[in-house]
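# Examining the three-dimensional arrangement
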Amino acid sequence: MVHGMGEAAWTAVDDQGVVPALGGLIEGTGMWRTGTLAGMDRTGRFLTGAWDPPGPEGEDGPGIAGEGSWTRFIGRIGAVALRAAVASTRPERRERQLALLEMWAESAFADPAARLRTGIVVTERLAVRDERGAAVSVGWSREGRRRFVELRTGDAEPPSLGEIEEDRDVPRGWGSPEQLRRLVALVRERGPAPWDREAVALLRERTGMGRPAASLALAGLLERMYVPFLDADERATLRLKVAEAEDGASELARLTAPERLELLADVLPEDPAELWEPDGMRGVAERLAEAWQARRGQRVVVPERTLKAVVELQLLRLSAADFCAAFTNPAAEPGLGAPLDTWIKNSEHGPLVTDARWDIMRFEDRLHSLVPRLAWVYAELPAGDPVREGLPGLVRLLLERLDHPGLLLRAGHPAAGSGRTVADLQERFGFRPYAGPHRLDVASIDDGLTVITDGTVDRRGHRSPPRVYFRPAFYGDDERSRSLAALTSGFGREDLPLVEWVRGPVCARIAERVEGASLPVGAYESDPAASAPDLVARVAGALGLDEDAATLHLQLLALPAPTDRNVRTWNGWQTARHQKAAAALVERGLVIEDKRPRAGRQLFLPGEWIHAKKPYQPMEAWKAELIGLRRSYNRRLENPLPLPTRTLPELFAHAWSLVEKGEGPA
């Protein structure tokens, strides 16, 4: 844009599409309306005296663009420039980014000599200007406070909008007028800079990010701000499947808008033309990795196959990379790094557990994501994998956190028939009320282990059931613990079953199996030839099979999902070897061949088959009973896999013992 050009130049691009073009770099997106780019332009020209407002004495000012968070772009416009330059950006968004960069290049915001300051001021005034400089309110008033941007043109203090509460000089990063003009011209002449998968790999190696997150970060997309998150063309450029893109966005979601700008501000080369060189994007990756390490540290790099497998788990609470990091360096993860002191406070929806930094939410996210999948990590990742190798250390850390006396967790609601109010439960749990830092609005009791609070009454007069909490440090084998377990029996026990299992003998034996290096590196516990070779030899001898067929037979007997792909991965088999073992089992009449929905295999145990829809696993009824998986009300499998009651060698041995006793599938 030519300096001093009127607003008409923005009508072609200045509309609501600016918000997704800048998504994640700005805040208050609901306040961004048509005219925001022109509003930024007017603000810059008002500061330099190149534009005069129509109102008396300049009080009307240039107007408020968006909600004012765009002032953070000063000295950090490189974040927008990266998006405008990379190949994955949608054309309509690129046009808006380029328009902003063109305007920015001609403004005081890009002038390295301009003496600019931003901050918070107590004022209702919109703008002020004289020979010493100018100041503009760029945000909406919040209790009399506004964001402002100021330009000093003389040696004296510039005119003020009011009492300044907070101020900072703006940084001076990438984005001189010459750099901005050159980048825009290059994009318009050559098209976007070519995407480079090697640059993604470099960023991943230097930071420990997952590949999806590294791809998004290199594209300047550090948070999802619009739906659909990526279209088909964007995903094709970044080589991401839908689930991978969503997972990568989840990994980056905790970054704030200022953090995203800081990370991306100075990653572009001094000469933008370098982006079109063969290793141009690798230079961007190196600089982004440095910025990431300085602010976020570095995680252990996890094998790509492991990350892909975790993405397929479709975790609701954690990204795949966050899940893996909890195993590779648990003490660095939010909610796990230090003992948690929690208490109960009032909220709009009744009492809830809180702490000083909401780390309890992060702890529970990890408790509910990690503990039910400890057995998956143990069974389906190979020995030597850094995630699997970290399992014992994670278990030890979880046990330490659960032993902290200040930790309160949730145990759901009393079982049906136990009582509808605190008063109904006082005879069993005592009369002492809960005494926390906040006085509760409802009645409560606290016996040292169990805390129970009354439900709240809604506008119709209906009272919700009591809520039950417990201190895991005091949960064990005593009368109080038995009373708590009896009170919360059945479904909806929330954190209690996870605490019981992670402290139990099966979890301890799983951790011992991993820590004891019971498998050679690269072998899987799900391969009985590696984890239970003596048993495989017994089965082979009893059935007159070779060891491969005996191995496959045990896997079909005991494992929930012995798909063809899984079996070949676990056993290290090629297709021909797998087919030979399968043919031997069919010939002996031990299994039947069939095609069944979502089975992923052609061999099945004889007997009833139970169907299941995603995300649940269909399987033989005999096997479901073996592993303790209950059917839902419609006789289908619509429950997650239960926490295991045996290690895999123990499960293989138990399944074979049933066959030997004549209680096998039939």
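Description of the structure in this document. (Residues numbered from 1 in each chain as written. Predicted model: local features only at pLDDT ≥ 70, side-chain atom pairs only at ≥ 80, totals over all residues. Heavy atoms only, no water.)

With that settled, the discussion passes to the overall build of the protein. Within the protein one finds 28 helices and 15 strands. Principal-axis analysis of the C-alpha atoms gives the protein an extent of 100 × 70 × 40 Å. When the 666 residues of the protein are sorted by exposure, 53% land in the buried category. When the accessible area of the protein is evaluated, it comes to approximately 29,600 Å², of which 50% is carbon and sulfur surface. Taken as two groups, the 87 positive and 97 negative side-chain charges of the protein have centres that lie 4 Å from each other. (Helix = DSSP H or I, 4+ residues; strand = E, 2+ residues; numbered from the N terminus. Buried < 20%, exposed > 50% of the residue type's maximum accessible area, 1.4 Å probe, protein only. Areas by Shrake-Rupley, 256 points an atom, 1.4 Å probe, with all protein chains shown as cover. Lys, Arg positive; Asp, Glu negative; His and termini not counted. Charge placed at Lys NZ, Arg CZ, Asp CG, Glu CD.)

The strand order β2-β3-β4-β1-β5 describes an open sheet built from five strands, whose pairing is antiparallel. The two strands at the open ends of the sheet, each matched to only one other strand, are β2 (127–130) and β5 (163–169). The average undirected angle you get between the axes of adjacent strands in this sheet is 20°. Bridge count for strand β3 (residues 133–137) against strand β4 (residues 145–152) is five bridges, and the pairing is antiparallel. Bridge pairing in β4 links V136 to V149. (Pairing = 2+ DSSP bridges. Axes fitted to C-alpha atoms, helices over the stretch in contact; angles between N-to-C directions.)

This part is about the state of the cysteines. In the structure shown here, the tally under the stated rule is zero disulfides. We note that C324 lacks a disulfide partner, and the nearest cysteine sulfur, in C507, lies 18 Å from it. On the basis of relative accessibility, which here comes to 1%, the residue C324 falls in the buried class. Accessibility expressed as a relative area gives 2% for C507, which makes it buried. (Disulfide = S-S within 2.5 Å.)

Direction vectors running N to C along helix α24 (residues 547–558) and helix α26 (residues 575–587) enclose 75°, while the axes themselves pass 8 Å from each other. Considered as vectors, α24 and α26 are oriented roughly perpendicular to each other. Side by side, α24 and α26 meet where D548, A549, L552, H553 and L556 of the first sit next to R577, H578, A581, A582, A584 and L585 of the second. Of the residues assigned to the contact of α24 with α26, the class counts are seven nonpolar, two polar and two charged. (Parallel < 35°, antiparallel > 145°, perpendicular 65-115°, else oblique. Contact = heavy atoms within 4.5 Å. Nonpolar A, V, L, I, M, F, W, Y, C, P; charged D, E, K, R; others polar.)

Turning our eyes to something else, we now look at the sheet that holds strand β11 (residues 467–470). Ordered in space as β8-β11-β10-β9, the four strands form an open sheet in which the pairing is antiparallel. Two strands bound the open sheet, and with one partner strand each, they are β8 (409–410) and β9 (444–446). Pairing of β9 with strand β10 (residues 450–453) involves three bridges; the strand directions are antiparallel. Each bridged residue has a counterpart across the sheet, and for I445 the counterpart in β10 is I452.

Right, let's get into the side chain of R94. Along the chain, R94 falls in helix α4 (residues 91–105). Although buried, R94 forms no salt bridge, and the nearest oppositely charged side chain, E95, lies 6.5 Å from it. Discounting residues that sit within four places of it in the chain, R94 has contacts with R83, A84, A85, V86, A87, T89, V187 and P192. (Salt bridge = Lys/Arg side-chain N within 4 Å of Asp/Glu carboxyl O.)

Turning our attention to the nonpolar core. Side chains that are nonpolar tend, in soluble globular proteins, to be buried together. Counting 105 residues, the largest nonpolar core has F327, F363, L374, L391, L409, F470 and L552 as the members making the most contacts within it. Element by element, the count of residues in this core is highest for α24, at seven residues. Not counting the four nearest positions on each side in its chain, L374 is found in contact with F327, L391, L394, V395, W501, V502 and C507. Core analysis: the second largest hydrophobic core is formed by 87 residues, L22, L180, L202 and L216 among them. (Core = buried A, V, L, I, M, F, W, Y, C linked by side-chain atoms within 4.5 Å.)

If you trace the backbone, E165 turns up in strand β5. A sequence separation of 134 residues divides E165 from M31, and the C-alpha atoms of the two residues are 24 Å apart. Excluding its chain neighbours within four sequence positions, the residues that come into contact with E165 are I120, V121, V122 and R145. Within the structure, E165 has its side chain in polar contact with the side chain of R145 (distance 2.8 Å). (Polar contact = N/O pair within 3.5 Å; in protein donor to acceptor, adjacent residues only side chain to side chain.)

This part covers a positive patch on the surface. Taken together, the side chains of R197, R239, K241 and K308 define a basic patch exposed on the protein surface. Among the structural elements, K308 can be located in helix α12 (residues 304–312). (Patch = residues over 30% accessible without salt bridge, like charges linked within 9 Å, V, L, I, M, F, W, Y side chains within 5 Å.)

It is at 11 Å that the axes of helix α23 (residues 533–543) and helix α28 (residues 648–660) come closest, and there the two elements cross at 20°. Classified by the angle between their axes, α23 and α28 sit roughly parallel to one another. Judged by the twist between their axes, the crossing of α23 over α28 is left-handed. Packed against α23, whose contacting residues are L535, R538, V539, A542 and L543, the element α28 presents F652, A653, W656 and E660 at the interface. (Left-handed = near helix turned anticlockwise from the far one by under 90°.)

Turning next to the packing of aromatic side chains. One pass over the structure, following the stated rule, counts seven aromatic pairs. Between the aromatic rings of W70 and W104, the centroid separation amounts to 6.1 Å while the plane-to-plane angle is 90°, which identifies the pairing as edge-to-face. Of this pair, W70 sits in the loop between α2 (36–48) and α3 (78–85) while W104 sits in helix α4, placing them 34 residues apart in sequence. The exposure class assigned to W70 is buried, which follows from its relative accessible area of 0%. Ring centres of F323 and F327 lie 5.2 Å apart, and the angle between their planes is 45°; on these two criteria the pair is classed as tilted. In this pair, F323 and F327 are both assigned in helix α13 (residues 320–328), four residues apart and thus about one turn of the helix distant. The pair formed by F323 and F327 is uniform in burial state, with each residue classed as buried. Taken together, W70, F73, W104 and F109 form an aromatic cluster joined through their ring pairs. Geometry around F46 places R129 over its ring, the cationic atom sitting 4.4 Å from the centre. Here the basic side chain of R296 rests over the ring of W292, its NZ or CZ set 5.8 Å away from the ring centre. (Phe/Tyr/Trp six-rings, centres within 6.5 Å; stacked < 30°, edge-to-face > 60°. Lys NZ or Arg CZ within 6 Å of the ring centre and 35° of its normal.)

The next thing to look at is α2. Between its first and last C-alpha atoms α2 spans 19 Å; for 13 residues at 1.5 Å apiece the expected length is 18 Å, and the two agree. Counting buried positions along α2 gives twelve out of 13 residues, so the element sits mostly inside the fold. Those residues of α2 that fall on the buried side of the exposure criterion are T36, L37, A38, G39, M40, D41, R42, T43, G44, R45, F46 and L47. Looking at the buried positions of α2, the neighbouring elements they touch are α1 (18–21), α4, β1 (115–122), β2, β3 and β4. Directly after α2, the chain includes G49, whose backbone phi takes a positive value near 85°. (Expected span 1.5 Å × (residues − 1).)

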